[in-house]
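Residues per chain, in single letters:
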Amino acid sequence: MNFKIVPHFEEIFPEENKENPLFYLLKIPKELLLKSIGFCNTYPLPTYNNFFSDKEIAKNIAKRIEIFKRGSDKDIEIISPHSYLKLSELILSNIEKFTMDGDESSNSELNLFKAFLVLNSRFTEYNHDFQTNQNKDSFINFIVLQGFQLSEISMFEDDKNEFVKLIYATIYKVESLLKFLSCKNFQSVKMEFIKSYGLNSEEDFLYNMKYLFASLFIAKLNNQFIFTSQNLSCFDLIKNIAATKITEDEDFTELKKTPIYFIDETRFSIVNFYFAVDLFYRSAKFRLQEIFKDNEIKIENFFSFYNKEFSENFLMKNLLDTIFSKKFYTKKIEYESEEKNEPDYYLNYNNTLLIFENKDVLISKSIKSANDIETIENFLKERFLQSKKKGVGIKQLVNSIEFIYNQNFKFDNTIKYNHKIEIFPILLVHDRVFESMGINYKLNNWFIEELHLRNIKCNEKFKIHSLTLMDIDTLILWNHNIKDNFKILKDLLIAHTKQLNELPQKSYNNPKHFTDYLQRLLRPISARETPFFIKPGEFSKQFLDLLSNKNR
């Protein structure tokens, strides 16, 4: 865990009056500004010691930073994830105000540097008590607060593996969604969905989506951020999802809807690589909601329908049935209609029980942009513990565990209650925001509290592991490695839950030991060490149809 100091304008230029960021940006040539948006997707990003080409300015800034650091050896971050997205939003929402030459009497690099420092003041808006009450809990809350807002972008600076995962899982989910619409005889809805991207057939849609993903993947590997397209149909798709004039928003909603922008008539760049991929699945339910509003097929509560029929009964079930395909697995007894307290998915293998609850939860922009831990915790409790109407998520898992504990679980009559029983409760989520640091840790604490409230106790014959929070993208990525290999999955779950419960030791008074301990404690299962990653052949297989259509 590498903590960085994010300086603000008044800390580096105390003798100057701080202006709004647009004041500094208006002095920079328009094309340089447009290129700077895409440049912020490269790795590593410049910091104060390599930001400037002018040596005198560089020396001056270095002196100012050293005064600010006061002898600290902490790393300095100038371009923070939030500040570069806000910069992108400011530029694209004020595009008509910029000139080709800017202010030729001032230094463009220095003006850009100052704009970032002003934008970094967002970090002072976090409402937390870490600075006044430095203990384990306040530190964890601060980490959760920052991570919850930034995990839509990525959890790590060098995020190539994360990006591979996102592309691979998105292709799987989009193809599943199109199959679902066909299975439900929603052909007209499917075609309207495809046309919303400016394309006319499922074949064209998948081809152009994969073509764009392949281009983005290659660009990310090579730190490329300016594109031209010789593929005309893909270029039509790009124009369809490109930003023209946007408005500012607390959650960068407009940037997510149009994550590509044009530098000129033939060159374009990317606001954020993750937003560009998300456009094809993460925002799909919102596109479909609008399509169903105008369609003759009426669905009373679209999001409930989508979450139940697609996310749970189609996407999750088909994936888990593929992973656990052998006949030696015992799955839940299916009744004619859904029963009360029925787990979303259940598996018994030699008295080791996996209990899944599926949660495809929407997160409002006010929650994503919240600056206090109480708002986030209240939201998590409402979605994963107790809604206004009933117990959800954690309480649903504990319900199943309680029935098994009392030997009256109606969904599996093969449990050997006179033998050792081992239970792994799993919350399966569909938004990577919940994979941010510390979310699983907090939910597991509430899970343990719920077990205590119901007086459910572990013993040598009844073992309940801690709660695992897992996003469906992780399962999709692991699919080929854990398929019908129960031991690998069980070992991963044990290793993860063991670290969730690690207690601090005296040696953790050392700052490095303490931060290493927190990293082990707070990481999601997807960020743990695994004995495998996606095989290159499995990833490249997703793009075989590009080769078969290379002469398009």
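Our subject is the structure that appears above.
Owing to the predicted nature of the structure, the values given are computational and were not obtained by experimental measurement. (Residues numbered from 1 in each chain as written. Predicted model: local features only at pLDDT ≥ 70, side-chain atom pairs only at ≥ 80, totals over all residues. Heavy atoms only, no water.)

1. Looking at the overall build of the protein chain
A count of helices and strands for the protein chain gives 24 helices and 12 strands. Within the protein chain, the proportion of its 552 residues that are buried is 55%. For the protein chain, the share of sequence-separated contacts (at least 6 apart) that also reach a separation of at least 24 residues comes to 77%. Here the protein chain displays about 25700 Å² of accessible surface, and carbon together with sulfur accounts for 49% of that area. Averaged over its 74 positive side-chain charges, the protein chain has a centre that lies 5 Å from the centre of its 76 negative ones. (Helix = DSSP H or I, 4+ residues; strand = E, 2+ residues; numbered from the N terminus. Buried < 20%, exposed > 50% of the residue type's maximum accessible area, 1.4 Å probe, protein only. Contact = heavy atoms within 4.5 Å. Areas by Shrake-Rupley, 256 points an atom, 1.4 Å probe, with all protein chains shown as cover. Lys, Arg positive; Asp, Glu negative; His and termini not counted. Charge placed at Lys NZ, Arg CZ, Asp CG, Glu CD.)

2. Some points on the packing of helix 17 (residues 373–384) against helix 19 (residues 439–453)
Close contact between helix 17 and helix 19 brings their axes to 11 Å; oriented N to C, the two are set at 60°. Taken together, the axes of helix 17 and helix 19 are oblique relative to one another. As helix 17 runs across helix 19, the sense of the crossing is right-handed. Residue-level contacts link Ile373, Glu377, Leu380, Lys381 and Phe384 of helix 17 to Ile439, Lys442, Leu443 and Trp446 of helix 19. Taken together, the residues of the contact of helix 17 with helix 19 sort by class into 6 nonpolar, no polar and 3 charged. (Axes fitted to C-alpha atoms, helices over the stretch in contact; angles between N-to-C directions. Parallel < 35°, antiparallel > 145°, perpendicular 65-115°, else oblique. Left-handed = near helix turned anticlockwise from the far one by under 90°. Nonpolar A, V, L, I, M, F, W, Y, C, P; charged D, E, K, R; others polar.)

3. Describing the side chain of Thr42
Examined against the element boundaries, Thr42 turns out to sit in the loop between helix 3 (30–39) and helix 4 (55–69). A polar contact of 2.7 Å, which involves the side chain of Thr42, links it to the backbone oxygen of Phe39. Discounting chain neighbours no more than four positions away, the residues touching Thr42 are Asn223 and Phe225. (Polar contact = N/O pair within 3.5 Å; in protein donor to acceptor, adjacent residues only side chain to side chain.)

4. Considering the sheet that holds strand 3 (residues 226–227)
The strand order across the open sheet formed by 4 strands is 3-6-5-4, and the pairing between neighbours is mixed. Each end of this open sheet is capped by a strand with a single partner; those strands are strand 3 and strand 4 (242–243). Pairing of strand 5 (residues 260–262) with strand 6 (residues 268–270) involves 3 bridges; the strand directions are antiparallel. Across the sheet, residue Ile260 finds its bridge partner in strand 6, namely Ile270. (Pairing = 2+ DSSP bridges.)

5. A look at helix 5 (residues 81–93)
Residues spaced three or four apart along an α-helix face the same direction, because each turn holds 3.6 residues. Taking 1.5 Å of rise per residue, 13 residues should cover 18 Å, and helix 5 covers 18 Å from first to last C-alpha, within 8% of that figure. Every buried residue of helix 5 is accounted for by His82, Ser83, Tyr84, Leu85, Lys86, Leu87, Ser88, Glu89, Leu90, Ile91, Leu92 and Ser93. (Expected span 1.5 Å × (residues − 1).)

6. Quick notes on the pattern of salt bridges
Using the criterion set out here, one finds 43 salt bridges in the structure. Salt-bridge contacts for Asp431 lead to Arg282; the nearest nitrogen and oxygen are separated by 2.6 Å. Of this pair, Asp431 sits in the loop between strand 10 (421–429) and helix 19 while Arg282 sits in the loop between helix 13 (273–278) and helix 14 (284–293), placing them 149 residues apart in sequence. Linked through salt bridges whose partners overlap, the residues forming this network are Glu152, Asp251, Lys256, Asp278, Arg282, Lys368, Asp431 and Arg432. (Salt bridge = Lys/Arg side-chain N within 4 Å of Asp/Glu carboxyl O.)

7. What about the nonpolar core?
Counting residues in hydrophobic clusters, the biggest one holds 85 residues, and the most contacted among them are Phe205, Phe280 and Phe324. For this core, the element with the highest residue contribution is helix 8 (residues 160–183), accounting for 12 residues. Not counting residues up to four positions away in its chain, the partners in contact with Phe324 are Tyr329, Lys331, Tyr345, Leu347, Leu354, Phe356, Asp484, Phe486 and Leu489. If you look at the next biggest cluster of nonpolar residues, it comprises 52 residues, including Leu353, Val361, Ile401 and Tyr517. (Core = buried A, V, L, I, M, F, W, Y, C linked by side-chain atoms within 4.5 Å.)

8. Considerations on the pairing of strand 12 (residues 468–471)
Side-chain alternation along strand 12 places Thr468 and Met470 on one buried face and Leu469 and Asp471 on a second face that is also buried. As defined by bridge partners, strand 10 adjoins strand 12 across 4 bridges and the pair is classed as parallel. Each residue of the ladder has a partner; that of Val429, found in strand 12, is Asp471.

9. Describing the environment of Lys190
Along the polypeptide, Lys190 turns up in helix 9 (residues 187–195). Lys190 gets classed as buried once you look at its relative accessible area, which sits at 6%. For Lys190 and Glu175, which are 15 residues apart along the polypeptide, the C-alpha to C-alpha distance reads 12 Å. Contacts of Lys190, omitting those with residues within four sequence positions, involve Leu178, Leu181, Ser182 and Glu202. At 2.7 Å, the side chain of Lys190 forms a polar contact with the side chain of Ser182.

10. What to know about the packing of helix 15 (residues 302–323) against helix 20 (residues 472–482)
Axis angle and axis distance: for two packed helices, these are the angle between their axes and the distance between the axes, and together they describe the pair. The N-to-C vectors of helix 15 and helix 20 enclose an angle of 20°; their axes lie 9 Å apart at closest approach. By the angle between their axes, helix 15 is roughly parallel relative to helix 20. Note on packing geometry: the crossing formed by helix 15 with helix 20 is left-handed. Across from Leu315, Met316, Leu319, Leu320, Thr322 and Ile323 in helix 15, the residues of helix 20 making contact are Ile472, Leu475, Ile476, Asn479 and Ile482.

11. Brief notes about the packing of aromatic side chains
Scanning the model with the defined rule gives 48 aromatic pairs in all. Considering the side-chain rings of Phe180 and Phe310, the 5.3 Å spacing of their centres and the 55° angle between planes classify their relative orientation as tilted. In this pair, Phe180 is assigned in helix 8 and Phe310 in helix 15, connecting sequence segments 130 residues apart. The buried category is assigned to Phe180, whose relative accessible area is 4%. Between the aromatic rings of Phe310 and Phe314, the centroid separation amounts to 6.1 Å while the plane-to-plane angle is 25°, which identifies the pairing as stacked. Of this pair, Phe310 and Phe314 both sit in helix 15, 4 residues apart, roughly one helical turn. (Phe/Tyr/Trp six-rings, centres within 6.5 Å; stacked < 30°, edge-to-face > 60°.)

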